[in-house]
Amino acid sequence: MKNILYIVDDHNMVRNGLKAWLEQHTDWRVPKDFASSKECFDYLRCLSELEEKIRKEIFPEIIIVDVQLIGETGFALVQQIGKKYPEIKCVMYSMFDTTGFVLQAKDSGAKGYISKVAKEEELAHCLEVVQNGGTYLEQYMAEAQNKVDSIVTVLSKQERNIFEAILQEKTNKEICDELFISPRTVENYTSRLYAKIGVKNREELLERYK
């Protein structure tokens, strides 16, 4: 195995710290890191134009992507990579560990999700599991996610999007702006969502599933 990964995080110290630890304590090599999704995707596109032999030497197996980048989220990058480069597996790395973010990561195609407060050894274990074809969540995240997974199967795509946003504690206005829908549409979908889940309001939903 090549054991090559890239890191996408807008904090220089985080990128350098992760790179140094992984290269000193594991078999992973980190030849490239990026501060934005554009930098990462542009570089992958350049790699695609190289000769196959050279490309294989530096093409990543895994990319660690921060959930929150400056002016953007990492979810769109994970989706882009999944469509254009399905051979690359993405692991999302974040300070946000609530079910809404984990669910969105899963929907984006991420194979792993780990919090920045996790121990380095757990990150290494996560990378090993993902490299071998598995998916990975920290134990406490997995337990909460099981409750959410039992619900999302009965939701429409838009209801699921709004469910994720509410679990991320976004306001109705933020949901409107992200999904490009009107306040009335958000209210209608939210009402149907509450009815399907069996809750009366946002507070009850958060208390049950966050």
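Now for a look at the structure at hand. Here the structure is a predicted model, which is why all the values come from computation and not from measurement. (Residues numbered from 1 in each chain as written. Predicted model: local features only at pLDDT ≥ 70, side-chain atom pairs only at ≥ 80, totals over all residues. Heavy atoms only, no water.)

## Brief notes about the pairing of strand S2 (residues 29-34)
What counts, and what does not: Strands are treated as partners if at least two bridges between them are detected by DSSP. The helix and strand labels rest on DSSP assignments: H or I over at least four residues marks a helix, E over at least two residues marks a strand, and numbering proceeds from the N terminus. Looking down the strands as they point away from you, a crossover is right-handed if its path from the first strand over the helix to the second goes clockwise.
Bridging between strand S1 (residues 4-8) and S2 involves four bridges; their strand directions are parallel. Across the sheet, Tyr6 pairs through a bridge with Lys32, a residue of S2. Note on the crossover from S1 through helix H1 (residues 12-25) to S2: the handedness is right-handed.

## Focus: helix H6 (residues 120-131)
Heads up, the rule is: Each helix should span, by expectation, one fewer than its residue count multiplied by 1.5 Å. Whether a residue is buried, partly exposed or exposed follows from its accessible area with a 1.4 Å probe, protein chains only, as a fraction of its type maximum: under 20%, in between, or over 50%, in that order. Read the arc as the range of directions from the helix axis to the C-beta atoms. Residues are treated as being in contact if the distance between any of their heavy atoms lies within 4.5 Å.
Taking 1.5 Å of rise per residue, the 12 residues of H6 would be expected to cover 16 Å, and the 17 Å separating its terminal C-alpha atoms lies within 8% of that figure. If you check which residues of H6 are buried, you get Leu123, Ala124, Cys126, Leu127, Val130 and Gln131. In an axial view of H6, the angular spread of the buried residues amounts to 155°, which keeps them on one side of the axis. Where H6 is buried, its residues contact S1, H1, strand S3 (62-66), strand S6 (89-94), strand S7 (112-115) and strand S8 (136-137).

## Notes on unusual backbone geometry
We note that Asn3 has phi near 55°; this positive angle belongs to a residue other than glycine. Along the polypeptide, Asn3 turns up in the segment before S1. You can call Asn3 buried: its relative accessible area is 14%. A positive phi angle, near 55°, is found at Phe180, a position not held by glycine. Judged by relative accessible area, Phe180 falls into the exposed class, the value being 74%.

## Quick look at the side chain of Arg160
Filter applied, for reference: Contacts described as polar in this section are N or O atom pairs within 3.5 Å, which, within protein, must combine one atom able to donate a hydrogen with one able to accept it, while residues neighboring in sequence count only if both atoms come from side chains.
If you trace the backbone, Arg160 turns up in helix H8 (residues 157-167). For Arg160, the side chain forms a polar contact with the side chain of Asp107, separated by 2.4 Å. Those residues in contact with Arg160 that sit more than four places away from it in its chain are Leu103, Asp107, Val152 and Leu155.

## Things to note about the pattern of salt bridges
If charged atoms from side chains of opposite charge come close, those side chains can pair. Rules: The salt bridge criterion pairs a side-chain nitrogen of Lys or Arg with a carboxyl oxygen of Asp or Glu, the two atoms within 4 Å.
This structure, assessed with the given rule, holds 16 salt bridges. Here Glu159 makes a salt bridge to Arg192, at a shortest N to O gap of 3.7 Å. With Glu159 in helix H8 and Arg192 in helix H10 (residues 183-197), this residue pair connects regions lying 33 residues apart in the sequence. Under the relative-accessibility criterion, Glu159 is labelled buried at 3%. Of the charged contacts, one joins Lys170 and Glu178 as a salt bridge, the two residues approaching to 2.7 Å between their closest N and O atoms. Residue class for Lys170 comes out buried when judged on its relative accessible area of 15%. Salt bridges sharing common partners tie together Asp9, Asp66 and Lys116.

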